[in-house]
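Next come the chains, spelled out residue by residue.
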Amino acid sequence: MSGFLEELLGEKLVTGGGEEVDVHSLAARGISLLGLYFGCSLSAPCAQLSASLAAFYGRLRGDAAAGPGAGAGPGPGAGAAAEPEPRRRLEIVFVSSDQDQRQWQDFVRDMPWLALPYKEKHRKLKLWNKYRISNIPSLIFLDATTGKVVCRNGLLVIRDDPEGLEFPWGPKPFREVIAGPLLRNNGQSLESSSLEGSHVGVYFSAHWCPPCRSLTRVLVESYRKIKEAGQKFEIIFVSADRSEDSFKQYFSEMPWLAVPYTDEARRSRLNRLYGIQDSEDDGESEAAKQLIQPIAEKIIAKYKAKEEEAPLLFFVAGEDDMTDSLRDYTNLPEAAPLLTILDMSARAKYVMDVEEITPAIVEAFVNDFLAEKLKPEPI
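Residues numbered from 1 in each chain as written. Predicted model: local features only at pLDDT ≥ 70, side-chain atom pairs only at ≥ 80, totals over all residues. Heavy atoms only, no water.

### What about the overall build of the protein chain?
Across its full length, the protein chain holds 13 helices and 15 strands. Counting the 379 residues in the protein chain, one finds 41% classified as buried. Residue pairs at least 24 apart in sequence account for 64% of intrachain contacts in the protein chain once pairs closer than 6 positions are excluded. A total of about 20,400 Å² of accessible surface is found on the protein chain, and carbon and sulfur atoms cover 50% of it. (Helix = DSSP H or I, 4+ residues; strand = E, 2+ residues; numbered from the N terminus. Buried < 20%, exposed > 50% of the residue type's maximum accessible area, 1.4 Å probe, protein only. Contact = heavy atoms within 4.5 Å. Areas by Shrake-Rupley, 256 points an atom, 1.4 Å probe, with all protein chains shown as cover.)

Listed below in structure tokens is the structure:
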């Protein structure tokens, strides 16, 4: 185990008080599950998570008042180290994106777990890239022996299992997670067990997400063709809507099944199973919204005056799983910033890769599209 951990984390970690801890000592302590906490001192959500995570960590290990080195070895006169309790086999390591060492020190000072040293900037970057961390705070759990990702969304673990009763939170069989009634938009329900032997797609989506709504229209068409061909196939909608009314409005457009909106626990377990997580808006996406909003309002007002529906929905893509899925589905390049118009009904895309997005560039791009001057690429 120590070989994998040293390759991943280096030879030394530090406590909140600045003491160095040998990474190979984690193996001696019998650590079986490693949590990687990606965050930054300047993030308010990270500060909130640190407080709740500290309480969770203390409850789980049974040593809320003890530091990360607690239980590391036998006491004086002891013949051998006692076998650690299963839930004490957890350790968390903070992986920071801080650029200021004093701010980093202030932030980690009260953490009861370990942290990568501030100077290990290259190793931190490798970890962020290795686990494709796109938003903070993020918490993932790894098998400390094999390095296999056990759970990508540790934030949901803290919320759904605050006492750690389901430790070590490994993936459960889909049939167990989905077990329970499923709905159709006409109010009928059926048990998930009736889907045995069928191919099942799990659709994570939300009404507030414009690209999701566009994808839904295309997915409805594909779904109906598959069903008409007599295939044993079903889709289950797992909503990320912010209210039950929004869920009902969106679900009314779907011919497939859904997990009841009121069954938040089951929706959360499915999100955990597939590593789905929503991200909060950060400063960069907010700046992009402020840039694009006047242009969007101008276009919408123009068509409203003609009593016509605006031909475009405007959307600022964040760093989250929904955006990643849309990017993969449409085969968009990884470049950023990127201006894109997606015509899902025509399965076409229009892409402009620029060094900097300005209001003039956005307006010209939109006007050229409306004037049919842009060349489409197939999706």
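Okay, back to it.
### Structural notes on the packing of aromatic side chains
Tallied over the entire structure, the rule returns 20 aromatic pairs. Three or more aromatic residues link up through ring pairs in this structure, and these residues are Y203, Y223, F233, F237, F247, Y250, F251, W256 and Y261. (Phe/Tyr/Trp six-rings, centres within 6.5 Å; stacked < 30°, edge-to-face > 60°.)

### Describing the sheet that holds strand 13 (residues 338–343)
The strands that make up a sheet pair up through hydrogen bonds in the backbone, lying either parallel or antiparallel. Read from one edge to the other, the open sheet built from three strands follows the order 13-14-15, with strand pairing classed as antiparallel. Single-partner strands in this sheet number two, and they are strand 13 and strand 15 (377–378). Pairing analysis gives six bridges linking strand 13 to strand 14 (residues 348–353), with the strands arranged antiparallel. Considered in strand 14, the bridge of D343 is made with A348. (Pairing = 2+ DSSP bridges.)

### Some thoughts on the side chain of D241
Mapped onto the elements of the fold, D241 is located in the loop between strand 11 (233–239) and helix 9 (244–251). Buried and unpaired, D241 has R267 as its nearest opposite-charge partner, separated by 7.4 Å. Within the structure, the side chain of D241 is placed 2.6 Å from the backbone nitrogen of H207, a separation counted as a polar contact. A polar contact of 2.8 Å, which involves the side chain of D241, links it to the side chain of S239. (Lys, Arg positive; Asp, Glu negative; His and termini not counted. Salt bridge = Lys/Arg side-chain N within 4 Å of Asp/Glu carboxyl O. Polar contact = N/O pair within 3.5 Å; in protein donor to acceptor, adjacent residues only side chain to side chain.)

### Considering the confidence of the model for the protein chain
The predicted model of the protein chain averages 85 in pLDDT, with 86% of residues at 70 or higher. The low-confidence segment residues 64–81 (pLDDT under 50) makes 21 contacts with residues lying over four places distant or belonging to another chain. (pLDDT = per-residue confidence, 0-100.)

### Examining the pairing of strand 4 (residues 90–96)
Burial analysis of strand 4 places seven of its seven residues in the buried class, the great majority of the element. Here strand 4 shows a buried face lined by L90, I92, F94 and S96 and a second buried face lined by E91, V93 and V95. With seven bridges connecting them, strand 3 (residues 33–39) and strand 4 associate as parallel partners. Along strand 4, the bridge assignment pairs Y37 with F94. Regarding topology, helix 4 (residues 101–108) serves as the crossover connection from strand 4 to the parallel strand 5 (residues 114–115), and that connection is right-handed. (Right-handed = clockwise from strand over helix to strand, strands pointing away.)

### Regarding the nonpolar core
Among the nonpolar cores identified, the biggest contains 27 residues, and Y37, L53, F94, W113, F141 and W169 are the most heavily contacted of them. Of all the secondary structure elements, the ones that give two or more residues to this core are strand 3, helix 3 (44–61), strand 4, helix 4, strand 6 (138–143), strand 7 (149–151) and helix 6 (154–160). The element that contributes the greatest number of residues to this core is helix 3, accounting for six residues. Counting 23 residues, the second largest nonpolar core, distinct from the first, contains V21, V93, L127 and A144. (Core = buried A, V, L, I, M, F, W, Y, C linked by side-chain atoms within 4.5 Å.)

### Describing the pattern of salt bridges
The final tally for this structure, using the stated rule, is 16 salt bridges. Across the pair R272 and D160 runs a salt bridge, and its minimum N-O distance is 3.8 Å. Placement of R272 in helix 10 (residues 264–273) and of D160 in helix 6 is noted, with a sequence separation of 112 residues between them. Judged by its relative accessible area of 12%, R272 falls in the buried class. The class of D160 is partly exposed, set by a relative accessible area of 27%. Overlapping salt bridges, with partners in common, bring together R159, D160, E166, K172, E264 and R272 in one network.

### Observations concerning helix 4
Along an α-helix, residues three or four apart share an orientation, since each turn contains 3.6 residues. Listed in full, the buried residues belonging to helix 4 are W104, F107 and V108. Angular distribution of buried residues about the axis of helix 4 spans 85°; they occupy a single face of the element. Where helix 4 begins, one side-chain oxygen reaches toward the backbone nitrogen of R102, 3.0 Å away; that side chain belongs to D100. (Arc of directions from axis to C-beta.)

### Details of the pairing of strand 14
Hairpin geometry of strand 13 and strand 14 is characterised by an intervening segment of four residues between the two adjacent antiparallel strands and by a positive phi of about 50° at R347. Note: strand 14 against strand 15, two bridges, orientation antiparallel. When the sheet's bridge partners are listed, A348 is paired in strand 15 with P378.

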